[in-house]
Amino acid sequence: MSAWVYRLFFRLLNSLFILPAFRIGLGRIVSNPVTGRVMVLVLKGRKTGRTRYTPVGYAIVNGRIYCYRGERSQGTWYLNLLAEPHIEVMLPDGRIRGRAEEVVDDDEKFTALREILKNGGLSGFVYGFNPWRVEEDLLRERLRGVRVIRINPEGPAKSRDDRPL
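The structure presented is a predicted model; accordingly, all values stated were derived computationally and were not measured. (Residues numbered from 1 in each chain as written. Predicted model: local features only at pLDDT ≥ 70, side-chain atom pairs only at ≥ 80, totals over all residues. Heavy atoms only, no water.)

For the chain, per-residue confidence averages 87 on the pLDDT scale, and residues scoring 70 or more make up 90% of the total. Of all the helices and strands in the chain, helix H1 (residues 3-23) carries the lowest mean pLDDT, 78, while strand S3 (residues 59-61) carries the highest, 96. When the criterion is pLDDT under 50, residues 161-165 qualifies, and its contacts beyond four places in sequence or with other chains add up to 11 contacts. (pLDDT = per-residue confidence, 0-100. Helix = DSSP H or I, 4+ residues; strand = E, 2+ residues; numbered from the N terminus. Contact = heavy atoms within 4.5 Å.)

See the structure below:
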């Protein structure tokens, strides 16, 4: 399947199913062990200043939230996050605010990646290995160029009226 078809499929899935489900409080239903653990990043567009919503897979390790940008991803959300690291996160159980930063320590990065892939349900096998059983060397080799983001929670999101998704 070509990259643009893949992106179109996920854009439609996200806008027509994932985001509305989180919006009405059904995040627990769409974020599960089979489909994968999903959260929604609430970001500010770096060029437009408009609010952007991006569903991503995640894992929580030692009280921090981790997600990643794959090598093949265009990563517009990633560029927005780097431009404005103070973000909100819609988790299945509610919203928090936090500060995002790229993980530079390799041990932390690959520990987080393994956990994210284990939380990914069926999509956790996208790199051609079982994330529970893969040897550390193969994990590091296959995921070398992947960027990992750590979100340090700063508290609950401020109460506000959300704009429609």
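Moving on, there is more to tell.
Right, let's get into the side chain of Lys-109. Its location among the elements puts Lys-109 in helix H4 (residues 106-119). Excluding its chain neighbours within four sequence positions, the residues that come into contact with Lys-109 are Val-103, Leu-143, Arg-144, Val-146 and Val-148.

The next point concerns H4. Taking 1.5 Å per residue as the helical rise, H4 with its 14 residues ought to reach 20 Å, and the 20 Å between its terminal C-alpha atoms agrees with that figure. Residues of H4 that are buried include every one of Glu-108, Lys-109, Phe-110, Ala-112, Leu-113, Arg-114, Ile-116 and Leu-117, and no others. Looking at the buried residues of H4, the elements they touch are strand S2 (51-57), S3, strand S4 (64-69), helix H5 (136-142) and strand S7 (147-156). At the N-terminal boundary of H4, the capping side chain belongs to Asp-105, with an oxygen 3.3 Å from the backbone nitrogen of Asp-107. In the segment just after H4, Gly-121 is the residue with positive phi, at about 60°. (Expected span 1.5 Å × (residues − 1). Buried < 20%, exposed > 50% of the residue type's maximum accessible area, 1.4 Å probe, protein only. Polar contact = N/O pair within 3.5 Å; in protein donor to acceptor, adjacent residues only side chain to side chain.)

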